[in-house]
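Observations on the three-dimensional arrangement
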Amino acid sequence: MKASSSSGQMTMSLRMVRFLFYVILFALSTIIILVTLNNTWLMRGPGHATSTLDRLSAALGVQERVFAVVIDAGSTGSRVLAFSFFKSLTDNSLKLDDQLWHEVKPGLSSYADNPKEGANSLLPLLELARERVPTEYRAKTPLVLKATAGLRLLPPEKADALLQEVNVVLSASGFHTTEHSVGIMDGRDEGIFSWFTVNYLMDRLTGDPKDSLVALDLGGGSTQITFLPIKPDTLTSTPADYLTTISLLRQNLNLYTHSYLGLGLMAARKAVLMQHLVGDGKVKSPCVNPIIDNYEWSNGGETFYISGSVVPKYQEIRGQAGRLGEKRPIADHKECIKACMAVIGKQVHSPPELKSREVIAFSYFFDRATERGLIDPFKGGVLSVQEFLQAAVQACNIPNAEQPLACLDLTFISTFLTSGYGLSGTNTINLYKKIDNYEVSWALGLAFHIINNGI
């Protein structure tokens, strides 16, 4: 009986071992199949986010961690963006895993007369990037700095002096740099990389081209528009230098893209104010409420002292419920439109297709909308062009010493959208600073480019 009992227990043990073996084998097979599918381009989903499978893929040697560091030397500040990705070894595709973002002010162009100090202003950004990228990855992590409109607007000799000093600092950073790491970004590339970023983060790069987004970026010194045309008329009626072909996801795409240098918000603000310069940096502008007196504002090394119009304008407010009426000081919205139109002129091309496409706008478009309480500063939101127009009128009609240039800024934005790009009041615009907790910036598009193609 004891022998029979022992034999039975041994049989049960063998069955259990066999069962566990098959369970483990099935689990490993399932993981291998899922990892394989996750790293097969034809089977991969459209999402940009990483998952547990990507981490398993890295552990199994099917993917690898890669990093890229981009410094955006803008006209109003310098920002470091350090990205980490999972890169598939089967097709070299990238999935965004993490991002560092930090900004220092002022922008590099403010150091035009002291280039060494300008280069040293980047040291805190480089230190943050070193903290984010593990030591063993730094020597092979590409580092680039691209300046935008702020340096494009400087005299060439001053811009070159700044970039030379920056190159010295970046070369000593411990990251991978080349002779092409530092430079001024072409406005067209700025638009293309921004377009890639928003469509990548919104998962619009795959699928029907009509679902791709129009990207509107309003910087300090320039503004860009980029989209993938779906109407043949757009391709045939658009100036040739507004069209470019890029290779993306194993296909060639014809993009509409253009950068308007001098029509960024700060550059446009300066151009509007200069129309009403009365001497010694003093400005008396119809875009400014009469209550504003000698408000100090600096741009591009120049300082202005801004007040309301030479001839103040007032609005009669009738008294209600027994209250006395008043004469409220207001900025002159109509005259401000004229001043903005003098800056915009006829240089902006307005593709008719734009009215029927989904638009996403960022940078100063987003900032000014949040300052006026039009959208959630964290989540962003959707506004009609008409709401921008109404916000401009309200900013001009209501005295606000805390936002003395709100009338000018919002009038320029609303005028640019309508008279420039030809949008109607019913057109809507998606406004975001972040998508899925990632900054909306051309830097992400550039990071993809330098990882896949080198610096």
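The numbers attached to residues start from 1 for each chain and follow its sequence in the written order. Restriction of local features to residues with pLDDT of at least 70 applies here, the model being predicted, together with a cutoff of 80 or more for giving and counting side-chain atom pairs; totals for whole chains, interfaces and linings are based on all residues. Heavy atoms from the whole structure form the basis of all side-chain values; hydrogens and water molecules are not counted.

Where an unreviewed UniProt entry is consulted, the protein chain appears under the name Ectonucleoside triphosphate diphosphohydrolase 5, with the organism given as Petrolisthes manimaculis. UniProt positions are given in the numbering used here, feature names are shortened, and annotations may be inferred rather than shown by experiment. UniProt, in the comment section headed Sequence similarities (unreviewed entry), describes the protein chain in these words: "Belongs to the GDA1/CD39 NTPase family."

The next point concerns the sheet that holds strand 3 (residues 94-104). Judged by pairing direction, the sheet is mixed, and its five strands sit side by side in the order 3-2-1-4-5 without closing on themselves. What marks the edges here is a single partner per strand, and that holds for strand 3 and strand 5 (182-184). Adjacent strand axes in the sheet meet at a mean angle of 20° when their direction is disregarded. The criterion for strand pairing is that DSSP finds at least two bridges linking the strands in question. The numbering of helices and of strands both runs from the N terminus, where a helix is a DSSP run of H or I of at least 4 residues and a strand a run of E of at least 2. Where strand 1 (residues 63-73) and strand 4 (residues 143-147) come together, five bridges link them in parallel fashion. Between the N-to-C directions of two axes lies an angle of 0 to 180 degrees, each axis being a line fitted to C-alpha atoms and, for a helix, fitted only over the stretch in contact.

Now for the packing of aromatic side chains. Here a pair means two rings of Phe, Tyr or Trp (six-membered ring of Trp) with centres within 6.5 Å. Their orientation is stacked below 30 degrees between planes, edge-to-face above 60, and tilted elsewhere. Here the structure, examined in full by the defined rule, presents 12 aromatic pairs. With 5.2 Å between their ring centres and 80° between their planes, Phe85 and Phe448 make a pair best called edge-to-face. Of the two residues, Phe85 is situated in strand 2 (residues 78-88) and Phe448 in helix 15 (residues 442-453); the sequence distance between them amounts to 363 residues. Assigned by exposure class, Phe85 and Phe448 land together as buried. When the centroid spacing of 4.7 Å and the interplanar angle of 25° are considered together, the rings of Phe227 and Tyr256 count as stacked. You can see Phe227 sitting in strand 7 (residues 222-227) and its partner Tyr256 sitting in strand 9 (residues 251-261), a full 29 residues away along the chain. For the pair Phe227 and Tyr256, a shared accessibility class is recorded, and that class is buried. Ring pairing ties together the aromatic residues Phe83, Phe85, Phe196, Tyr200 and Phe448, which thus form one cluster. Lysine NZ or arginine CZ positioned within 6 Å of the ring centre and within 35 degrees of the ring normal marks a charge as sitting over the ring. Just above the ring of Phe86 sits the side chain of Arg65; from NZ or CZ to the centre is 5.1 Å. One Lys or Arg, Lys433, reaches over the ring of Trp101 and ends 5.2 Å from the middle of that ring. Three exposure classes are used, based on accessible area relative to the maximum for each residue type with a 1.4 Å probe and protein chains only: buried under 20%, partly exposed in between, and exposed over 50%.

Here we take up the state of the cysteines. The rule for a disulfide is simple: a pair of cysteine sulfur atoms within 2.5 Å. Applying the stated criterion across every chain, the model contains two disulfides. Between the sulfur of Cys287 and that of Cys336 lies a disulfide, 2.1 Å long from S to S. When the S-S torsion is 110°, as for the bridge of Cys287 with Cys336, the disulfide is right-handed. Of this pair, Cys287 sits in the loop between strand 11 (282-284) and strand 12 (295-299) while Cys336 sits in helix 11 (residues 333-344); the two residues are 49 residues apart in sequence, bridging distant segments of the chain. Across the pair, Cys336 and Cys287 agree in class, each one buried. Each sulfur in the disulfide pair Cys396 and Cys407 lies 2.0 Å from the other. The chirality of the disulfide connecting Cys396 with Cys407 is right-handed, given an S-S dihedral of about 75°. Placement of the pair is Cys396 in helix 13 (residues 385-397) and Cys407 in helix 14 (residues 406-420), with a sequence separation of 11 residues. Assessed through its relative accessible area of 3%, Cys407 is described here as buried. Cys340 carries a free sulfur, and the closest cysteine sulfur to it, the one in Cys336, is 4.4 Å from it. According to the relative accessible area criterion, Cys340 is buried, its value standing at 0%.

Glancing now at a nonpolar patch on the surface. A cluster of nonpolar side chains, Met16, Leu20 and Ile24, forms an exposed patch at the surface whose accessible area comes to about 300 Å². Here Ile24 is to be found in helix 1 (residues 2-38). Residues enter a patch when their relative accessible area is above 30% and they make no salt bridge; the linking distance is 9 Å between like charges and 5 Å between nonpolar side chains (Val, Leu, Ile, Met, Phe, Trp, Tyr). In short, Shrake-Rupley with a 1.4 Å probe defines the accessible areas, and a residue's cover is counted only from the protein chains shown. What makes a salt bridge here is a side-chain nitrogen of Lys or Arg within 4 Å of a carboxyl oxygen of Asp or Glu, nothing more.

One way to put it is that helix 13 packs onto helix 14 with a least axis distance of 8 Å and a crossing angle of 150°. For the element pair helix 13 / helix 14, the angle class is roughly antiparallel. For the pair helix 13 and helix 14, the crossing hand works out as left-handed. Mapping the contact onto sequence places Val385, Phe388, Leu389, Ala391, Ala392, Ala395 and Cys396 in helix 13 and Ala406, Cys407, Leu410, Thr411, Ile413, Ser414, Leu417 and Thr418 in helix 14. Residues belonging to the contact of helix 13 with helix 14 are distributed by class as follows: 12 nonpolar, three polar and no charged. Angles below 35 degrees are treated as roughly parallel, those above 145 as roughly antiparallel, those between 65 and 115 as roughly perpendicular, and all remaining angles as oblique. Left-handed is the label given to a crossing in which the near helix is rotated counterclockwise from the far helix by less than a right angle, and right-handed is the label when the rotation is clockwise. Note on definitions: a residue-residue contact is assigned when non-hydrogen atoms from the two residues lie within 4.5 Å. Basically, the charged four are Asp, Glu, Lys and Arg, the nonpolar ten are Ala, Val, Leu, Ile, Met, Phe, Trp, Tyr, Cys and Pro, and anything else, Gly included, counts as polar.

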